[in-house]
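Summary of structural features
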Amino acid sequence: MATKSEISANPAATTAPVSLSKEEILRYSRHLIMPEVGMEGQLKLKQAKVLCIGTGGLGAPLGLYLAAAGVGRIGLVDFDTVDSTNLQRQILFGTKDVGRPKIAAASDRLRDLNPDIEIDTFETQLSSDNALDILKDYDIIVDGTDNFPTRYLVNDASVLLGKPNVYGSIFRFEGQVTVFGYPDGPCYRCLYPEPPPPGLVPSCAEGGVLGVLPGIVGSIQAAETLKLIIGAGDPLVGRLLLFDALAMRFRELKLRKNPDCPLCGTHPTITKLIDYVEFCGIRGEEAPAPQTSVPEITPRELKARLDRGDDLYILDVREPHEYQICNLGGHLIPLGDLSKRVNELDSSREIVAHCRSGKRSAEAVEFLQRAGFRKILNLKGGILAWSDDVDPSVPKY
Amino acid sequence: MPVKVIIPTPLRAYAGKQESVELQANNVAEALNGLTLRFGDLKKHLYSDDGKLRSFVNVYVNDEDIRYLQKDQTQLRDGDIVSIVPSIAGGAHN
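Residues numbered from 1 in each chain as written. Chains lettered and ligands numbered in written order. Predicted model: local features only at pLDDT ≥ 70, side-chain atom pairs only at ≥ 80, totals over all residues.

1. Examining the overall build of chain B
- Helix and strand counts for chain B stand at three helices and five strands.
- Walking chain B from its N terminus toward its C terminus, one meets helices and strands in the order β-α-β-α-α-β-β-β.
- Taken over the C-alpha trace, chain B has a radius of gyration of 13 Å; the compact-globule value for 94 residues is 12 Å, and the two agree within 12%.
- Principal axes of the C-alpha set define a box for chain B whose edges measure 40 × 25 × 25 Å.
- The burial tally for chain B puts 33% of its 94 residues in the buried class. (Helix = DSSP H or I, 4+ residues; strand = E, 2+ residues; numbered from the N terminus. Rg over C-alpha atoms; globule rule 2.2 N^0.38 Å. Buried ≥ 20, exposed ≤ 12 C-beta atoms within 10 Å, placed from the backbone.)

Here it is, written out as structure tokens:
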């Protein structure tokens with residue numbers, strides 16, 4: 001178990017002695033009357049410098065609680081703009097912020113919450129070129145990102161700079177939280193030496209997130225960050241906290257420092273930042289290879305052929321809950337069930353397969369071609385493109 | 001030994017949507033083997049082509065990582081809980 005922190009929340013005492021104004025004493029009175037924080041802890045908070053990477057679902061409660069608690073300097077890194085699908089969980093933003101850069105909306109909100117603190121904004125994508133430079137001025141790094149390349153980058157940069165990395169990640173209704181990069185504690189690579197290969201990341205059929213989940217996980221990250229700063233309690237070091245919101249259950253697993261870790265082990269082989277996109281493989285929703293190799297039909301062509309009265313059989317390979325959102329009246333067989341239910345299809349008829357964006361249905365077309373179907377087309381761009389090009393009344397999701 | 005294997009959210013789609021599976025196994029290898037026999041689709045998510053447990057999937061017996069026990073030869077006792085814990089990146093995925 002790691003010893004209690006000597007995190008450099010107290011920067012070299014060369015600056016003028018810090019104190020709280022009368023207004024600050026009132027603002028933080030519920031901290032000050034609690035001995036675990038008290039004046040000493042509140043002054044540590046005021047002197048602390050925390051970098052929040054990502055201002056989305058995890059970064060929102062994190063930023064709000066750190067600002068509210070009086071963390072003196074908060075850095076925000078994000079390059080995204082607010083869109084309406086963010087509002088279901090990213091509680092830093094309001095409807096009026098849709099279309100604004102997240103950094104601008106987030107810093108406005110935090111400055112409104114607490115005008116006494118400094119907010120640094122980095123409207124950029126964290127990369128191997130800028131990470132060390134951005135991270136170096138902060139005491140604690142908090143990882144609220146949403147992709148593997150950035151997570152390995154944040155981990156490696158934190159370890160190379162000797163800074164704790166408060167980690168949280170989420171998937172649908174399940175979260176993981178821990179503190180990496182602590183002296184003698186494990187790092188992300190000790191837990192997971194490598195990311196999943198691109199082909200095994202969940203498809204959009206399995207995506208989504210319960211809106212409150214990042215709120216809970218991000219709040220736990222905030223609690224750990226505040227504890228590290230004031231040096232109170234037991235930090236979540238060497239422990240991986242798992243949270244399942246459906247079962248409403250927390251579990252804790254032991255997390256050990258791996259002596260063979262290529263980054264923080266006894267004989268490290270990673271001594272500088274690497275190319276993280278290459279390390280994690282090229283990934284993303286639009287895997288180009290299968291999509292270009294299957295026969296396609298555009299939404300406009302499909303509409304024209306249906307209007308002509310051509311005999312086309314529409315096959316929808318999405319999940320039943322997606323069918324309920326919107327559909328083209330097709331026959332529903334989820335991609336995962338296709339091999340078992342292929343006998344429901346008539347190979348003598350011409351079939352047009354579709355999904356949401358065209359990726360799953362491309363897989364379905366490939367599968368059916370291998371199964372001997374000859375007259376099979378993939379609806380290019382899926383139901384999203386149908387909504388854009390043919391029927392705007394079909395909702396997009 | 002009767003043991004329980006907890007299936008993580010990202011892998012439930014390949015395990016009949018179940019949260020956990022009860023099965024008989026004397027060690028971790030038997031437990032995972034029993035699981036992939038029952039749910040064939042799980043196999044490629046747990047093992048690489050050379051038959052090794054994937055490096056973004058960790059397996060725990062109760063709260064201990066099997067990498068620091070006897071790996072897949074870790075013995076199981078009656079009522080042990082085997083957890084499969086893959087890395088998740090977070091975010092809402094599009």
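2. Quick word on the environment of V277 of chain A
Residues and elements named next belong to chain A.
- In this structure, V277 sits in helix α10 (residues 276-280).
- Overall, V277 belongs to the partly exposed group, with 16 C-beta atoms counted inside 10 Å.
- Counting along the chain gives 150 residues from V277 to S127, while the straight-line C-alpha distance between them is 9.6 Å.

3. Considerations on the interface of chain A and chain B
- In this assembly, 32 residues from chain A lie in contact with 23 residues from chain B.
- Secondary-structure elements contributing two or more residues to the side of chain A that touches chain B are α7 (148-161), β5 (165-171), β6 (174-180) and β8 (249-254) of chain A.
- Broken down by class, the residue content of the side of chain A that touches chain B amounts to 15 nonpolar, seven polar and 10 charged. (Contact = placed C-beta atoms within 7 Å. Nonpolar A, V, L, I, M, F, W, Y, C, P; charged D, E, K, R; others polar.)

4. As for helix α4 (residues 59-69) of chain A
- Taken across its 11 residues, α4 of chain A has nine buried, putting it largely inside the fold.
- G59, A60, P61, L62, G63, L64, L66, A67 and A69 of chain A are the residues of α4 of chain A that are buried.

5. Examining the sheet that holds strand β3 (residues 57-61) of chain B
Residues and elements named next belong to chain B.
- Across the sheet, which stays open at both edges, the five strands sit in the order β2-β1-β5-β3-β4 with mixed pairing between neighbours. What marks the edges here is a single partner per strand, and that holds for β2 (20-24) and β4 (64-65).
- For β3 and strand β5 (residues 81-86), the ladder comprises five bridges, and the chain directions are antiparallel. Paired with V61 across the bridge in β5 is V82.
- Running at roughly 120° to β2, helix α2 (residues 28-38) makes contact with β1 (2-6), β2, β3 and β5 of the sheet. (Pairing = 2+ DSSP bridges. Axes fitted to C-alpha atoms, helices over the stretch in contact; angles between N-to-C directions.)

6. Quick look at the packing of α4 of chain A against helix α5 (residues 102-113) of chain A
Residues and elements named next belong to chain A.
- It is the contact of α4 with α5, at a shortest axis distance of 9 Å, that shows an interaxial angle of 30°. On the basis of the axis angle, α4 is roughly parallel to α5. With respect to the hand of their crossing, α4 and α5 are arranged in right-handed fashion. On α5, the residues touching G63, L64, A67 and A68 of α4 are A106, L110 and L113.
- Partitioned by chemical class, the residues of the contact of α4 with α5 number six nonpolar, one polar and no charged. (Parallel < 35°, antiparallel > 145°, perpendicular 65-115°, else oblique. Left-handed = near helix turned anticlockwise from the far one by under 90°.)

7. Focus: the nonpolar core
Residues and elements named next belong to chain A.
- The biggest cluster of nonpolar side chains holds 74 residues, and the ones touching the most others in it are V50, L51, V71, I74 and V142.
- For this core, the element with the most residues is helix α9 (residues 212-230), which contributes eight residues.
- If near-sequence neighbours (up to four positions away) are discounted, V50 is found in contact with L66, V71, I74, Y138, D139, I140, V142 and T225. (Core = buried A, V, L, I, M, F, W, Y, C linked by C-beta atoms within 7 Å.)

8. Things to note about the pairing of β5 of chain A
Residues and elements named next belong to chain A.
- Most of β5 is tucked away: seven of the seven residues are buried.
- Where burial is concerned, the two faces of β5 agree: the one with N165, Y167, S169 and F171 and the one with V166, G168 and I170 are both buried.
- Alignment of strand β4 (residues 140-143) against β5, held across three bridges, turns out to be parallel. Paired with I141 across the two strands is N165, which belongs to β5.
- With α7 bridging β4 and the parallel β5, this β-α-β connection has right-handed handedness. (Right-handed = clockwise from strand over helix to strand, strands pointing away.)

9. With respect to the environment of L255 of chain A
All names here are of chain A.
- Among the structural elements, L255 can be located in the loop between β8 and α10.
- Note: C-alpha distance between L255 and G56 (199 residues apart in sequence) is 27 Å.
- With residues near it in sequence (within four places) discarded, L255 still touches T178, P186, L191, G238, R239 and L240.

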